[in-house]
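The residues making up each chain are set out below.
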Amino acid sequence: MNEHQRVQCSQQIDQILTLQISQVSSYIDYLSDIKSAISSNNTQQLNELLEKQQLNPELIEKTQQQQIQTLTEFGYDLNDEGLTSCIQDCDNTSKLTSQKNTLTEKLKELEKSLLINALIVQKNQHRVKQSIRLLSGHKLSNSVSSYSKQGGIESHEDSGHSLAEA
């Protein structure tokens, strides 16, 4: 890669990484707002968040396609190692490496936020179903689930009393 190509590649990767960090950060903030609304049972805020959702997954896909095009254009593999090699060959390696590390951390944070929100939604769905069953006069199941050391779900028998019967 000649000097002009290194500068061009560096500028494109810089622009792409900056955009990806911004997009992932927006998703994290949005999910945090949703988590807060769900946790506090603020249905009005939750409805507002869901109605005015400004996040667009197609933008992230488009940015990913730009990264793929840049890596392909400059002859790098289309994986993390290819991106790392590209960054090492670019003009401002330290800045790009820092951006890549920031993006990696943000993606881990996003994954954690998605998992937490899914668990909160699942827990609240279970509570609603349980309340409906209680209000309709059905006896609740006595089994209680928890996570095992291996990450699986274990069922534990309760004392035979539901929350309403206690």
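As the structure is a prediction and not an experimental result, all values here were calculated from the model.

*Asks:* I'm lost on the overall build of the chain in this one. Help?
*Replies:* Within the chain one finds five helices and two strands. Listed N to C, the secondary structure of the chain is α-α-α-α-α-β-β in terms of helices and strands. Once local pairs closer than 6 in sequence are excluded, the contacts in the chain between residues at least 24 apart make up 58%. With the model as given, the accessible surface of the chain reaches about 11600 Å², and the carbon-plus-sulfur share is 50%.

*Asks:* Just checking my understanding: could you explain the packing of helix α4 (residues 80-89) against helix α5 (residues 93-135) for this structure?
*Replies:* Helix-helix packing is characterised by the crossing angle of the two axes and by the distance between the axes. Contact geometry of α4 with α5 gives a least axis separation of 8 Å together with a crossing angle of 155°. Taken together, the axis directions place α4 and α5 in an arrangement best described as roughly antiparallel. In contact with D80, L83, T84, I87 and Q88 of α4, α5 contributes T93, L96, T97 and K100. When grouped by side-chain class, the residues that make up the contact of α4 with α5 number three nonpolar, four polar and two charged.

*Asks:* For this particular structure, what's the right way to read the pattern of salt bridges?
*Replies:* Applying the stated criterion across every chain, the model contains four salt bridges. Among the salt bridges present, the one from R6 reaches E3, with a minimum N-O distance of 3.7 Å. Of this pair, R6 and E3 are both found in helix α1 (residues 3-39), three residues apart, which corresponds to roughly one turn of the helix. Where E105 meets K108, a salt bridge forms, and the shortest distance between an N and an O atom there is 3.8 Å. You can see E105 and its partner K108 sitting in helix α5, three residues apart, about one turn around the helix. For E105, a relative accessible area of 49% puts it in the partly exposed group. Judged by its relative accessible area of 49%, K108 is partly exposed.

*Asks:* Explain α4 to me, please; I cannot follow it from the model alone.
*Replies:* Think of an α-helix as 3.6 residues a turn; residues three or four steps apart then line up on the same face. Among all positions in α4, only G82, L83, C86 and I87 are buried. Along the axis of α4, the buried residues cluster in a sector spanning 135°; they form a single face. α4 presents E81 and Q88 as exposed residues on the side facing more than 90 degrees away from its buried surface. In the core, the buried residues of α4 are packed alongside α1, α3 (57-73) and α5. One side-chain oxygen of the residue at the start of α4 lies 3.1 Å from the amide nitrogen of E81, identifying that residue as N79.

*Asks:* Help me understand the nonpolar core, please; the structure alone is not making it clear to me.
*Replies:* Generally speaking, nonpolar side chains in soluble globular proteins are found buried as a group. Judged by nonpolar contacts, the single largest core of 26 residues is most densely connected at I13 and C86. Within the residue set of this core, elements represented by two or more residues are α1, α2 (43-51), α4 and α5. The greatest single-element share of this core, amounting to 12 residues, is contributed by α1. When neighbours within four sequence positions are excluded, I13 is seen to be in contact with T70, L83, C86, I87 and L96.

Rules behind the numbers
Residues numbered from 1 in each chain as written. Predicted model: local features only at pLDDT ≥ 70, side-chain atom pairs only at ≥ 80, totals over all residues. Heavy atoms only, no water. Helix = DSSP H or I, 4+ residues; strand = E, 2+ residues; numbered from the N terminus. Contact = heavy atoms within 4.5 Å. Areas by Shrake-Rupley, 256 points an atom, 1.4 Å probe, with all protein chains shown as cover. Axes fitted to C-alpha atoms, helices over the stretch in contact; angles between N-to-C directions. Parallel < 35°, antiparallel > 145°, perpendicular 65-115°, else oblique. Nonpolar A, V, L, I, M, F, W, Y, C, P; charged D, E, K, R; others polar. Salt bridge = Lys/Arg side-chain N within 4 Å of Asp/Glu carboxyl O. Buried < 20%, exposed > 50% of the residue type's maximum accessible area, 1.4 Å probe, protein only. Arc of directions from axis to C-beta. Polar contact = N/O pair within 3.5 Å; in protein donor to acceptor, adjacent residues only side chain to side chain. Core = buried A, V, L, I, M, F, W, Y, C linked by side-chain atoms within 4.5 Å.

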